[in-house]
Amino acid sequence: MAETSVTSELQGMPQPRVSESRRIFKVMFSRWVVIIGAIIILLLIITAMFAPLLTPYEPNKVNLEDSLQQPSSQHLLGTDKVGRDVLTRIIYGSRIAIIVGVVAVTASGAIGMFLGLLAGYFGGWVETIIMRITDALMSLPPLVLMLAIAVMLGGGVPTVLIALIVALMPTYCRLMCGQVLSAKENDYIMASNVIGAGNLRIMFRHLVPNVFPPLLVLITLDLGFAILTEASLSFLGIGISPPTATWGSMVSDGQRYLLTHPILSLSPGLAIVLIVLAFNLVGDGLRDALDPRLRGRI
Amino acid sequence: MASFIIRRCIQAIIVIFLVTVISFLLLHMIPGDPVIRILGMHASEAQVAQLRHEMGLDLPIYAQYGNWIWNVFHGDLGQSYIYHEDITTLIRERFPITFYLTFLSLTISTIIGIIAGVISAVKRATFIDSFITLFANVGIAVPTFWLGILGIYIFGLQLGWLPVEGWTSPFDDFWQSTRQVIMPVAALAVPNIAIVARQTRSSMLESIHQDYIRTAVSKGLAQRIVFYKHALRNALIPVVTLVGITLIFLIGGEVLTETVFNIPGIGRLLVRAALDNDYLIVQSIVLIIGVIVCFTNLFVDILYGWIDPRIRYR
């Protein structure tokens, strides 16, 4: 670093040393699609937090007099078969999407990464057991696995969360294990071993910070995937039960009125597309920014 | 190569064993007594005891697993308690439909995905590249069920070009069957086209930057030959491994499309059984899907080792 600053001073262009996190931030938001993605995510969070302030209606209040109204200035996206305002339900649906996404991804990420760390660090039979179970879980489509678990446990938000955690966990486990396997060959790990650092210290102080970047990308992408999978499950009518407003069940309920009121089914679906797209765009931006081959360039 | 195949087969057997254990344990995840969940609260004690005995739930758990796997190997998945039918028969009747749809979408999405990915990489940073990248980004984000409903609305209800639902066997009426199959297959294929296109694009770009490509260019080969003969061949290797992942997503999508388009396949059977709490059907379908995916992965891995010898020694 000292040499670089000397050269730049010699060239008469003093360049301040850019910190790693600032560089990542700069690279990431240099593309406008990533900025759009981030704005959409920010809007979603604001919407979920301030839902009651954004709409004068109740999401679950039945009002049969207003049943199946076309979009108007009072109901921007119309009303559903029992007179509930569609826009209000989409706004409140964002809460379920965010809670399910964040909780499921955090928990499955933490559990999966921990197991992957154990498997990669200790190797041997620990690795064999953990990784073969991971392989078995990954042989099942996440939606099918979730559906089976949700049915067996019997519906509700906690059940859906457990199902999602089990379905998402294996990916983290596998990625973490692979990362740790290659990182533990580095000299700095051997050096920590030599100076007598314990297993826990090596794992959490030295390995985890070094292998974390690709996992962060996976977490971002998975937020979108978790929302998409939860929506699929509630579309099928399994999992989170009515009258709670979820985007998936709204698409399903509206399907019957597709000919006369297409907006009932199509608008919540569009919300899903937007938010999943936003997480994917930000995840891709993060991947580019964390790419070690681009390090040192802005 | 032989030792590689043997190693992979042993691994696959272990994984398949674990898949059977997971499917078996699913039934034991039911909180409370599954017999009462099936029969209802008002069942008499004699009925409960009889069903418990029939299901083998009065045996120790390893014996239950042993009995169950023995029956599965003999093609007996048990009786459905809701539909009062043989589960093996229920699944066998529906399997060809799901297989047909999955096969069609797998083929179509692989071909279109590879073509789109190659065009995108070769025409990097042009309008076509941006368009394909945008399509790929949206394609991954679109829920399959919503895409199906959008298709029904546009091509079924508004334009009236295609039937909105249903299934006809291609052997009975090929034309009608094809018309009915177009939308479900398209809805299934779109996310996978996006996945394959993204992978092909990035591995093609990676391969264009390799030394041997520079060598090929500098010795004066035509760009077309360099791209399609030298770069593409190597770029397609990682795409092969995608088939396993694609299959997993297709089967998941099958559950949704068959529900949207009212197609009597495995996916809709799974959803119906799940809604009716027919646990045994759910368990059997999970088992079958898991085993099919395991075999596909084994096949893909061996194929991968055969195409790219470096893999065999890992």
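Residues numbered from 1 in each chain as written. Chains lettered and ligands numbered in written order. Predicted model: local features only at pLDDT ≥ 70, side-chain atom pairs only at ≥ 80, totals over all residues.

Moving on, we come to the overall build of chain B. A count of helices and strands for chain B gives 12 helices and zero strands. Helices (α) and strands (β) of chain B occur, in sequence order from the N terminus, as α-α-α-α-α-α-α-α-α-α-α-α. Once the C-alpha set of chain B is aligned to its principal axes, its extents read approximately 85 × 60 × 35 Å. Looking at the 314 residues of chain B, the share that counts as buried comes to 39%. Taking the intrachain contacts of chain B between residues at least 6 apart in sequence as the baseline, contacts between residues at least 24 apart amount to 72%. (Helix = DSSP H or I, 4+ residues; strand = E, 2+ residues; numbered from the N terminus. Buried ≥ 20, exposed ≤ 12 C-beta atoms within 10 Å, placed from the backbone. Contact = placed C-beta atoms within 7 Å.)

Helix and strand counts for chain A stand at 12 helices and zero strands. In sequence order, the secondary structure elements of chain A are arranged as α-α-α-α-α-α-α-α-α-α-α-α. The dimensions of chain A, computed from C-alpha atoms along their principal axes, are 75 × 60 × 30 Å. When the 298 residues of chain A are sorted by exposure, 46% land in the buried category. Here the analysis covers contacts within chain A between residues at least 6 apart in sequence; of these, 70% occur between residues at least 24 apart.

Before going further, it helps to examine the packing of helix α8 (residues 174-208) of chain B against helix α10 (residues 223-260) of chain B. All names here are of chain B. Here α8 crosses α10 at 155 degrees, and the two axes come no closer than 8 Å. When the axes of α8 and α10 are compared, the pair comes out roughly antiparallel. Relative to α10, the crossing made by α8 is right-handed. (Axes fitted to C-alpha atoms, helices over the stretch in contact; angles between N-to-C directions. Parallel < 35°, antiparallel > 145°, perpendicular 65-115°, else oblique. Left-handed = near helix turned anticlockwise from the far one by under 90°.)

Here the focus is helix α10 (residues 199-235) of chain A. For an α-helix, the turn length of 3.6 residues means that residues three or four places apart are oriented alike. All names here are of chain A. Between the first and last C-alpha of α10 there are merely 46 Å, a value that for 37 residues lags more than 12% behind the 54 Å anticipated at 1.5 Å per step. The largest bend in α10 is about 55 degrees, located at Phe-212, with the proline Pro-213 one to four residues further on. Backbone geometry just after α10 places Gly-237 at a positive phi near 85 degrees. (Expected span 1.5 Å × (residues − 1). Bend = angle between axes of the 7 residues up to and from the residue.)

With 40 residues of chain A at the contact, the number on the chain B side is 42 residues. Top contributing element to the side of chain A that touches chain B by residue count: helix α12 (residues 262-290) of chain A, with 10 residues.

Among soluble globular proteins, nonpolar side chains are generally buried collectively. Core analysis: the largest hydrophobic core is formed by 161 residues, its most contacted members being A:Leu147 and A:Leu164. For this core, the element with the most residues is α10(A), which contributes 16 residues. Here A:Leu147 is in contact with A:Leu233, A:Leu236, A:Ile238, B:Leu270 and B:Ala274, once residues within four sequence places are set aside. (Core = buried A, V, L, I, M, F, W, Y, C linked by C-beta atoms within 7 Å.)

This part covers unusual backbone geometry. Residue and element names in this part refer to chain B. Its identity is not glycine, yet Asn-262 carries a phi of approximately 55 degrees, on the positive side. Position of Asn-262 among the secondary structure elements: in the loop between α10 and α11 (266-275). For Asn-262, a count of 14 C-beta atoms within 10 Å gives the class partly exposed. Here the phi dihedral of Asn-277 falls at roughly 55 degrees; this positive angle occurs in a residue that is not glycine. Since 17 C-beta atoms lie within 10 Å of it, Asn-277 is described here as partly exposed.

Residues and elements named next belong to chain A. Counting all residues, the mean pLDDT for chain A is 81, and 91% of those residues have values of 70 or more. Here helix α1 (residues 2-10) stands out as the element of chain A with the lowest mean pLDDT, 46, in contrast to helix α6 (residues 124-138), whose mean of 90 is the highest. For residues 1-10, every residue scores under 50 in pLDDT, and the model assigns this stretch six contacts once sequence neighbours within four places are set aside. (pLDDT = per-residue confidence, 0-100.)

Residue and element names in this part refer to chain B. As for its placement among the helices and strands, Thr-107 is situated in helix α5 (residues 87-122). Note on Thr-107: 12 C-beta atoms within 10 Å, which makes it exposed. Residues Thr-107 and Leu-188, spaced 81 residues apart in sequence, show a C-alpha to C-alpha distance of 11 Å.

Moving on, we come to the packing of α5(B) against α8(B). Residue and element names in this part refer to chain B. Here α5 crosses α8 at 35 degrees, and the two axes come no closer than 6 Å. For α5 against α8, the interelement crossing comes out right-handed. Tallied by class, the residues present in the contact of α5 with α8 amount to 19 nonpolar, nine polar and two charged. (Nonpolar A, V, L, I, M, F, W, Y, C, P; charged D, E, K, R; others polar.)

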